[in-house]
Amino acid sequence: MAEGEGEDDTIGVYVGGRNPAGERHGQGWAVLPNGDFYQGCYCRGMRNGKCRSHSAATAQEYHDEAAVTGLRRGLYVFMKSGARYEGEWRRHMKYGVGKMIYPDGSRYEGDWRNDLKHGFGGYYYPNGDVYEGAWFKGKRHGLGTYFYAETCVKFMGTWIEGVIQGPGQIIYPKHRYYGSWTRNVPKGRGCFVFEANCMQHGFYLLVNEKSEKELGEGEEEEKEEEKYNFEEEVELDETLGKTPMWRARNVTAFVAELLPPEPVPVPVHDSIPSLSECTMDFDLMQFEEPSVKGVGEEGQIDDDDWLLQRQQFLEDPTKTD
């Protein structure tokens, strides 16, 4: 029976546990007024992960209660779009580890915070493309890899608020490019490394698409200053209307010391909301071990080595090499 029958239905149908105050509390399922469906755990009327009643005064009572009423995961189905989320919750929001399947068939599996992708996770696209790496407040932010299924090319580098920025590398079937990116396009010094154990050094220039004139970094700065002479500071997109063009300088034997800098983790500062109403436990996310180990037979570091390093850090954050 729908709660609030005879009046405007703002609650929907609910079947499950309640606390002495009549709030939804413990395991249950609900059909919301908009038709969406949820099955999982509630805490003081809100969708939540493992919940703790205020009556559970001791740790043993808490664990006993959790064994009966605590669900670590909840399923939410968006009936109109067909999207669905299965994972952990906190205060009505996706929070913890979970999987979201979107209407177009894409899916995200990883960490969440306050209904946003936040932490480490993988996004799998319908065309076979895959992004695995760091997220911050719903955007790619930090170290990550993007695999292009159509061309079998993989990019490894750093994202800043959803945009590729800084050192990175592109892994082609038979060679690699090491360099730096600005707003999703390569720019500046870099090198190609080939299977023949040689390196081609050079740099990417940003070419004006209209005039086809090549601009170096110094020339770009002068042109932009002439175009934008405002008193207030304006953030300029130096890649707008330009395409990167490779300019080779010389070829040498492979020397690791000549490679551009490797991408590094992006420091972030974020606060974690306190839990005054309910207590929840979340396990660190476990990922399947990559099919290729971090260090190959010849002692070379594999592409996925940083993923293994992250897992080792999660297991023992105090350990340093």
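None of these values were measured; they are calculated from a predicted model. (Residues numbered from 1 in each chain as written. Predicted model: local features only at pLDDT ≥ 70, side-chain atom pairs only at ≥ 80, totals over all residues. Heavy atoms only, no water.)

Draft legend 1. Structural context of the overall build of the chain. For the chain, the helix and strand inventory stands at 3 helices and 20 strands. The burial tally for the chain puts 39% of its 321 residues in the buried class. Within the chain, counting contacts between residues at least 6 apart in sequence, those at least 24 apart form 36% of the total. As displayed, the chain offers around 19300 Å² of accessible surface, 51% of which is attributable to carbon and sulfur atoms. (Helix = DSSP H or I, 4+ residues; strand = E, 2+ residues; numbered from the N terminus. Buried < 20%, exposed > 50% of the residue type's maximum accessible area, 1.4 Å probe, protein only. Contact = heavy atoms within 4.5 Å. Areas by Shrake-Rupley, 256 points an atom, 1.4 Å probe, with all protein chains shown as cover.)

Draft legend 2. A look at the pattern of salt bridges. Throughout the structure, instances matching the rule amount to 2 salt bridges. As a salt-bridge pair, Lys94 and Asp115 come within 3.2 Å of each other at their nearest N and O atoms. With Lys94 in strand 8 (residues 93–101) and Asp115 in the loop between strand 9 (107–113) and strand 10 (116–124), this pair connects stretches of sequence that are 21 residues apart. Taking the shortest distance from any N to any O, the salt bridge between Glu109 and Arg107 comes out at 2.7 Å. (Salt bridge = Lys/Arg side-chain N within 4 Å of Asp/Glu carboxyl O.)

Draft legend 3. Up close: the confidence of the model for the chain. Overall, the predicted model of the chain reaches an average pLDDT of 75, with 64% of residues at or above 70. Every residue in residues 51–71 scores below 50 in pLDDT, and together they form 38 contacts with partners more than four places removed in sequence or on other chains. A low-confidence stretch, residues 317–321 (pLDDT under 50), is modelled with 0 contacts involving residues beyond four sequence positions or located in other chains. (pLDDT = per-residue confidence, 0-100.)

Draft legend 4. Structural context of the packing of aromatic side chains. Counted by the stated rule, this structure contains 26 aromatic pairs. Aromatic pair Phe192 and Phe194: ring centres 6.4 Å apart, planes at 25 degrees, arrangement stacked. For Phe192, a relative accessible area of 11% corresponds to the buried category. Between Phe192 and Trp246 the ring centres are 4.9 Å apart and the planes differ by 90 degrees, which places this aromatic pair in the edge-to-face class. (Phe/Tyr/Trp six-rings, centres within 6.5 Å; stacked < 30°, edge-to-face > 60°.)

Draft legend 5. Region of the structure containing the pairing of strand 18 (residues 198–208). In terms of burial, strand 18 is largely enclosed, as 8 of its 11 residues are buried. Sheet topology note: the strand 17 (residues 188–194)/strand 18 ladder contains 7 bridges and is antiparallel. Looking at the pairing, Gly188 lines up with Tyr204 of strand 18. Where strand 17 folds back onto strand 18 in an antiparallel hairpin, the turn is made up of 3 residues, including Asn197, whose phi is positive at roughly 65 degrees. Where strand 18 and strand 20 (residues 242–253) come together, 11 bridges link them in antiparallel fashion. (Pairing = 2+ DSSP bridges.)

Draft legend 6. Highlighting the environment of Ala134. With respect to the helices and strands, Ala134 occurs in strand 11 (residues 130–136). With relative accessibility at 18%, the residue Ala134 sits in the buried group. Spatially, the C-alpha atoms of Ala134 and Gly144 are 6.0 Å apart, while their sequence positions differ by 10 residues. Beyond its immediate sequence surroundings of up to four residues, Ala134 is in contact with Gly119, Phe120, Lys139, Arg140, His141, Gly142 and Leu143.

Draft legend 7. Local environment of the side chain of Arg47. Relative to the helices and strands, Arg47 resides in strand 5 (residues 46–48). Despite its burial, Arg47 remains without a salt bridge, the nearest opposite charge being carried by Asp115 at 6.6 Å. Those residues in contact with Arg47 that lie beyond four places of it in its chain are Leu32, Tyr38, Cys41, Tyr42, Tyr76, Trp89, Arg90, Arg91 and His92. (Lys, Arg positive; Asp, Glu negative; His and termini not counted.)

Draft legend 8. How the structure looks around the side chain of His141. Structurally, the position occupied by His141 is in strand 12 (residues 139–148). Given the relative accessible area of 12%, His141 is considered buried. Aside from chain neighbours lying at most four places away, what touches His141 is Ala134, Trp135, Phe136, Trp159, Ile160, Glu161, Val266 and Val268.

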